[in-house]
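Results of the structural survey
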Amino acid sequence: VVEVADHIDHAVKVAGIDHIGIGGDYDGGQEFARGLEDVSCYVNLTAELLRRGYNEEQLGKILCLNAIRVLEECEAVAVQMKQEGILASESHYGEEIYETNAMKEREFMKEKI
């Protein structure tokens, strides 16, 4: 949990509190940060961030409000694109390269050997 909180501190310094959000890849990941083995452990991270001085508003943004804001903005763009007759496709955004955490972990482990 401490390492994840350190990462959040760094991300806040680099990108700002309005651009930080957390989520777990518990449906595809195999290894998780100590103390965050499942979503029920998020309370551990919340407690660590409180200990570091994050306030209720900041925690709300990190834990869900930033993600909700981004999803709402995406919905608004989707409505606008539909009204304009524009269909979203990869040609708008470039090719997507999908890589699971398990794939990343295998590559990481190869590098360590």
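Overview of the structure. The shown structure was predicted, so the numbers you read here are calculated from the model rather than taken from an experiment. (Residues numbered from 1 in each chain as written. Predicted model: local features only at pLDDT ≥ 70, side-chain atom pairs only at ≥ 80, totals over all residues. Heavy atoms only, no water.)

The next thing to look at is helix 3 (residues 56–83). For helix 3, built from 28 residues, the straight-helix expectation of 40 Å at 1.5 Å per residue is met to within 8% by its first-to-last C-alpha distance of 38 Å. Ile62 marks where helix 3 bends most, by close to 60 degrees. Restricting attention to buried positions, one finds in helix 3 the residues Leu59, Gly60, Lys61, Ile62, Asn66 and Met81. For helix 3, the side-chain oxygen to backbone nitrogen distance between the N-cap and Glu57 is 3.1 Å, and the N-cap itself is Asn55. In the stretch just after helix 3, Gly85 is the one whose phi turns positive, near 75 degrees. (Helix = DSSP H or I, 4+ residues; strand = E, 2+ residues; numbered from the N terminus. Expected span 1.5 Å × (residues − 1). Bend = angle between axes of the 7 residues up to and from the residue. Buried < 20%, exposed > 50% of the residue type's maximum accessible area, 1.4 Å probe, protein only. Polar contact = N/O pair within 3.5 Å; in protein donor to acceptor, adjacent residues only side chain to side chain.)

So, on to the pattern of salt bridges. According to the stated counting rule, one finds 8 salt bridges in the structure shown. Of the charged contacts, one joins Arg34 and Glu3 as a salt bridge, the two residues approaching to 2.5 Å between their closest N and O atoms. With Arg34 in the loop between helix 1 (2–15) and helix 2 (42–51) and Glu3 in helix 1, this residue pair connects regions lying 31 residues apart in the sequence. Arg34 gets classed as exposed once you look at its relative accessible area, which sits at 59%. Residue Glu3 is classed as partly exposed on the basis of its relative accessible area of 46%. Residue Glu48 is joined to Arg52 by a salt bridge in which the shortest nitrogen-to-oxygen separation is 2.7 Å. (Salt bridge = Lys/Arg side-chain N within 4 Å of Asp/Glu carboxyl O.)

Fair warning: the whole summary comes from geometry, so function is off the table for now.
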